[in-house]
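Observations on chain architecture
Take a look at the letters that make up each chain.
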Amino acid sequence: MRTIDTLGYPIVVSSGGLAEVARIVEERAPSHRYVIITDDNVASHYLDHVSASLIEGSGRGVTSDRVHTVVIPAGEEHKTRERWSAITDTLLAYGCGRDTAIIALGGGVIGDLAGFVAATYMRGIPVVQIPTTLLAMVDASVGGKTAVDTPAGKNTVGAFHPPAAVMIDPATLASLPARELRSGLAEVIKHGVIADRSVIDEVEAIMPALLAARALGAALEPMIERSVRIKADVVAADERELGLRKVLNFGHTIGHGVEAASDYVLLHGEAIAIGMVAEARLAENLGIATVGTAAAIEDAVTRAGLPSRAPDGMAADRVLALMRSDKKQRRGVLEYSLPKRMGEMAGESSGWAIAVDDSIALEVLRALANRE
Ligand code: NAD
Ligand code: GLY
């Protein structure tokens, strides 16, 4: 078991940790009632286990009538204001008061949605994050960003609401489809690019075993811990994304445009992999990144089985238009978090975000679309 404590709440990485949910919940979010929010995929694997371990592991007599469950259909299309409203109404119908804690059991969709319910219910109640995808373990569950999507874009309505605790159980990855696992590796690679290139060597070393036999819980703990520590250090320095936290957006300005242009056929991590390669190329074209940075990132994402180029037929103009509807612009100019080299980001003097004219970005997007 490993615990990261730099953010004021514990982030526990423990294979088999689901059995310890009661301990962490009672220590960090002792409440009269608990509401486990999850999706139907995750529920089929882990809901009974988490619910039982909360009740049976309780030292304070948590009885089954004090544990409620809310199961929603899986998928990004359910991370909406309508779903937030329906879940909130369910909590009100249960008679949940301020002495209620939310347990978010699932991937980043559940973490963001359940976190936003917790951020707003009765002006804010505790949430314990139990991420079950690699992406949610190394990224979404850490740092307190919660949100829902709207027709105007992803994560356009949300709140900063740090969790009371995060319990990461890598053993839950055994049931995660391989494509989802790879998608999570994109964020691990991102952490390597922004802070410590040796993380990427670690990903490459563990890849064959990871994809061949995924009953690997404890073996994944070191990689997950290092990745979480990188994110936690950035968030500790700048929780509200006024400056340094923007480095975590590396790959996301173009990545979000590519994700939306694919009509969400690409998974988040797949689009971010493409976005990281493209933004590194942009950084090289601008003379910001050392030549070879983009090739090294392309090599890393390819070895992780992730795409590095946009799908055939994806038009550069459409990607740019969708990038413009995302949040990453200041005074109408799109901003990027760009690398200097593997393990080091540029842009300290400009608040870790670099404004780039659309005409320069378009050159890179056209090359991406043309597979040059
Ligand atoms: P997801 O939550 O949709 O999960 C992916 C799929 O895997 C779903 O079908 C889910 O039901 C299934 N699943 C989850 N755990 C499983 C398990 N252990 N076994 C079997 N199936 C399982 O997607 P995601 O990739 O985890 O998260 C993407 C979301 O995270 C996006 O909405 C993104 O905006 C958000 N995000 C948030 C932050 C943040 O800081 N808050 C950071 C990164 C991403
Ligand atoms: N995933 C980006 C952030 O948490 O800031």
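Report on the accompanying structure.

Cut-offs applied
Residues numbered from 1 in each chain as written. Chains lettered and ligands numbered in written order. Predicted model: local features only at pLDDT ≥ 70, side-chain atom pairs only at ≥ 80, totals over all residues. Heavy atoms only, no water. Helix = DSSP H or I, 4+ residues; strand = E, 2+ residues; numbered from the N terminus. Rg over C-alpha atoms; globule rule 2.2 N^0.38 Å. Buried < 20%, exposed > 50% of the residue type's maximum accessible area, 1.4 Å probe, protein only. Contact = heavy atoms within 4.5 Å. Areas by Shrake-Rupley, 256 points an atom, 1.4 Å probe, with all protein chains shown as cover. Lys, Arg positive; Asp, Glu negative; His and termini not counted. Charge placed at Lys NZ, Arg CZ, Asp CG, Glu CD. Near = heavy atom within 4 Å. Polar contact = N/O pair within 3.5 Å; in protein donor to acceptor, adjacent residues only side chain to side chain. Nonpolar A, V, L, I, M, F, W, Y, C, P; charged D, E, K, R; others polar. Axes fitted to C-alpha atoms, helices over the stretch in contact; angles between N-to-C directions. Parallel < 35°, antiparallel > 145°, perpendicular 65-115°, else oblique. Left-handed = near helix turned anticlockwise from the far one by under 90°. Phe/Tyr/Trp six-rings, centres within 6.5 Å; stacked < 30°, edge-to-face > 60°. Arc of directions from axis to C-beta. Salt bridge = Lys/Arg side-chain N within 4 Å of Asp/Glu carboxyl O. Core = buried A, V, L, I, M, F, W, Y, C linked by side-chain atoms within 4.5 Å. Pairing = 2+ DSSP bridges.

Moving on: the overall build of the protein chain. The helix and strand inventory of the protein chain stands at 13 helices and 14 strands. Its C-alpha radius of gyration of 20 Å places the protein chain within 12% of the 21 Å reference for a compact globule of 372 residues. Out of the 372 residues in the protein chain, the part that is buried amounts to 58%. Long-range contacts, defined here as pairs at least 24 residues apart, represent 75% of the contacts in the protein chain between residues at least 6 apart. When the accessible surface of the protein chain is totalled, it reaches about 14200 Å², and 51% of it is carbon and sulfur. Here the protein chain holds 37 positive side-chain charges and 47 negative ones, and the gap between their average locations is 3 Å.

What surrounds ligand 1 is a group of 26 residues, the closest being Asp39, Glu76, Thr132, Thr133 and Ser175. With respect to ligand 1, the side chain of Asn41 contributes an N or O atom lying 2.9 Å from an oxygen atom. In the model, an oxygen atom of ligand 1 is placed 3.5 Å from a nitrogen or oxygen of the Lys231 side chain. When residues of the shell around ligand 1 are traced back to their parent elements, those giving at least two are α2 (40-56), α4 (108-120), α5 (134-140) and β8 (153-160). The leading source of residues in the shell around ligand 1 is α2, at four residues. Counted by class, the shell around ligand 1 contains eight nonpolar, nine polar and nine charged residues.

Another aspect to go through is the packing of helix α6 (residues 178-195) against helix α8 (residues 217-237). At a closest axis distance of 10 Å, the pairing of α6 and α8 adopts a crossing angle of 55°. Between α6 and α8, the angle is such that the two are oblique. By crossing handedness, the relation of α6 to α8 is classed as left-handed. Counted together, Leu185, Val188, His191, Ile194 and Ala195 of α6 and Met223, Ser227, Ile230 and Lys231 of α8 form the full contact between these two elements. Within the contact of α6 with α8, the residues separate by chemical class into six nonpolar, two polar and one charged.

Aromatic ring pairs are reported here in terms of the distance separating the ring centres and the angle at which the planes meet. Tallied over the full model, the rule gives one aromatic pair. Measuring from centroid to centroid gives 5.8 Å for Trp84 and Phe116, while their planes differ by 40°, and the two rings are tilted. Here Trp84, found in helix α3 (residues 81-94), pairs with Phe116, found in helix α4; they are 32 residues apart in sequence, far enough to count as distant.

Every buried residue belonging to helix α11 (residues 293-303) is among Thr293, Ala294, Ile297, Glu298, Ala300 and Val301, and all of these are buried. Taken around the axis of α11, the buried residues stretch over an arc of 165°, which confines them to a single face. Of the residues one or two after α11, Gly305 is the one with positive phi, at around 80°.

For the rest of this paragraph, the subject is the pattern of salt bridges. For the structure on display, the rule yields 26 salt bridges. Among the salt bridges present, the one from Arg281 reaches Glu298, with a minimum N-O distance of 3.3 Å. Of this pair, Arg281 sits in helix α10 (residues 268-285) while Glu298 sits in helix α11, and the two are 17 residues apart along the sequence. Here Glu298 falls in the buried class, since its relative accessible area comes to 17%. As a salt-bridge pair, Glu344 and Lys340 come within 3.4 Å of each other at their nearest N and O atoms. A cluster of three or more residues bridged by salt bridges with shared partners is formed by Glu76, Lys79, Asp112, Asp149, Lys154 and Glu259.

Turning next to the nonpolar core. A general trend in soluble globular proteins is that nonpolar side chains are found buried together. Formed by 51 residues in total, the largest nonpolar core has its most connected members in Ile11, Ile224 and Ile297. Within the residue set of this core, elements represented by two or more residues are β2 (11-13), α5, β9 (165-168), α6, α7 (198-212), α8, α10 and α11. The element that contributes the greatest number of residues to this core is α8, accounting for eight residues. Discounting chain neighbours no more than four positions away, the residues touching Ile11 are Arg2, Thr3, Ile4, Val142, Val166, Ile168 and Val228.

So, on to the packing of helix α1 (residues 21-28) against α2. At a closest axis distance of 7 Å, the pairing of α1 and α2 adopts a crossing angle of 60°. It follows that α1 is oblique to α2 by the angle criterion. α2 is crossed by α1, and the crossing has right-handed handedness. Contacts between α1 and α2 involve Val21, Ala22 and Val25 on the former and, on the latter, Val50, Ser53 and Leu54. Class assignment of the residues belonging to the contact of α1 with α2 gives a composition of five nonpolar, one polar and no charged.

The sheet built from seven strands is open, its strands ordered β1-β2-β9-β6-β5-β3-β4 with mixed pairing. Pairing within the sheet leaves two strands with one partner each, and these edge strands are β1 (2-4) and β4 (67-72). For this sheet, the mean inter-axis angle between neighbouring strands, taken without regard to orientation, is 15°. Seen against the sheet, α2 touches β3 (33-39), β4, β5 (100-106) and β6 (127-131) and runs at an angle of roughly 160° to β3.

Interpretation in functional terms is not warranted from these geometric data alone.
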